[in-house]
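Here is what each chain is made of, one letter per residue.
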Amino acid sequence: RTQREKSPRWNRPPSAWTMSRADMDRGLVIARDLLAGDPVNLEARRDVTGVLLRRGNALRELGVAAAGDERAALLRAALSDFTECLESRELIWATDPMQQHRRDLAAALYKVGEVSLLMGDKARAKECGERSRAELQALVGEGAMTSENAELKEAAELVRKANEV
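Criteria and thresholds
Residues numbered from 1 in each chain as written. Predicted model: local features only at pLDDT ≥ 70, side-chain atom pairs only at ≥ 80, totals over all residues. Heavy atoms only, no water. Helix = DSSP H or I, 4+ residues; strand = E, 2+ residues; numbered from the N terminus. Buried < 20%, exposed > 50% of the residue type's maximum accessible area, 1.4 Å probe, protein only. Contact = heavy atoms within 4.5 Å. Areas by Shrake-Rupley, 256 points an atom, 1.4 Å probe, with all protein chains shown as cover. Core = buried A, V, L, I, M, F, W, Y, C linked by side-chain atoms within 4.5 Å. Expected span 1.5 Å × (residues − 1). Arc of directions from axis to C-beta. Patch = residues over 30% accessible without salt bridge, like charges linked within 9 Å, V, L, I, M, F, W, Y side chains within 5 Å. Salt bridge = Lys/Arg side-chain N within 4 Å of Asp/Glu carboxyl O.

Thoughts on the overall build of the chain
In terms of regular secondary structure, the chain is built from seven helices and zero strands. Starting at the N terminus and walking to the C terminus, you meet the elements of the chain as α-α-α-α-α-α-α. Classification of the 165 residues of the chain by burial places 41% in the buried group. Considering only intrachain contacts with a sequence separation of at least 6, the fraction spanning at least 24 residues in the chain is 66%. Carbon together with sulfur atoms contributes 51% to the accessible area of the chain, which is approximately 8700 Å² in total.

Shown next, in the form of structure tokens:
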């Protein structure tokens, strides 16, 4: 298997590399407009979170490659997208607690934790990593994934890194 196939789905390089930031911003406006037309539509809300996740991934990768103030600004923007994504995914999970929504919640928690760690906020990274791991462990308990799942290992690694002195 290729490295991409081995990595967790939420840690793959974003397919948005071929899209400009303006394209991603327009996509988010469209998704939000659709949600505004039907605010109780969970599918529309999930679409918004997907756009936020893709844009956040692209911003995170750009931030990791940048330095100084540009790095900080890009990582703050990524964290903002991931935090908004997390808030929506928590609402979706609370409204419709199905396995896919739990997995989506775990992915958003991981993303917030990952960028928090990059920004030096180990406490938030640890909290998000532990919550992500707990959601994934629940899926293991439900038989929806195995304990060898790559996403579960990534969440555990995030907690380990956050605990480093």
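Quick look at the nonpolar core
Among soluble globular proteins, nonpolar side chains are generally buried collectively. Formed by 24 residues in total, the largest nonpolar core has its most connected members in Val48, Phe82, Leu86, Val112 and Val115. Apart from residues lying up to four places away in sequence, valine 48 is in contact with Leu28, Ala31, Arg32 and Leu35. Within the second largest apolar cluster, six residues are counted, among which are Ala106, Leu139, Met145 and Leu152.

Observations concerning helix H2 (residues 21-37)
The terminal C-alpha atoms of H2, which comprises 17 residues, lie 24 Å apart, in line with the 24 Å expected from a rise of 1.5 Å per residue. The complete set of buried residues in H2 reads Met24, Leu28, Ala31 and Leu35. The buried residues of H2 occupy one face: seen down the axis, they fall within an arc of 65°. Relative to its buried face, H2 has exposed residues pointing more than 90 degrees away, namely Asp33, Leu34, Ala36 and Gly37.

Describing the environment of aspartate 47
Turning to its location among the elements, aspartate 47 is positioned in helix H3 (residues 42-65). Its relative accessible area of 42% is what places aspartate 47 among the partly exposed residues. Counting along the chain gives twelve residues from aspartate 47 to leucine 35, while the straight-line C-alpha distance between them is 8.6 Å.

Examining helix H5 (residues 99-118)
Spanning 20 residues, H5 covers 29 Å between terminal C-alpha atoms, matching the ideal 28 Å at 1.5 Å per step. Most of H5 sits out of view: 15 of its 20 residues are buried. Backbone geometry just after H5 places glycine 120 at a positive phi near 90°.

Some remarks on a nonpolar patch on the surface
Residues Val64, Leu118 and Met119 make up a contiguous nonpolar surface patch of about 220 Å² in total accessible area. Mapping leucine 118 onto the fold places it in helix H5. Take leucine 118: its relative accessible area is 33%, and that puts it in the partly exposed class.

Observations concerning the pattern of salt bridges
For the coordinates displayed, the defined rule picks out 15 salt bridges. Glutamate 61 is the partner of arginine 60 in a salt bridge, and the nearest nitrogen-oxygen pair spans 2.6 Å. Since its relative accessible area comes to 2%, arginine 60 is described here as buried. What makes glutamate 61 partly exposed here is its relative accessible area of 29%. Between arginine 160 and glutamate 164 there is a salt bridge, with its nearest N and O atoms 2.5 Å apart. With relative accessibility at 39%, the residue glutamate 164 sits in the partly exposed group. One network of salt bridges, with partners in common, ties together Arg60, Glu61, Lys111 and Glu114.

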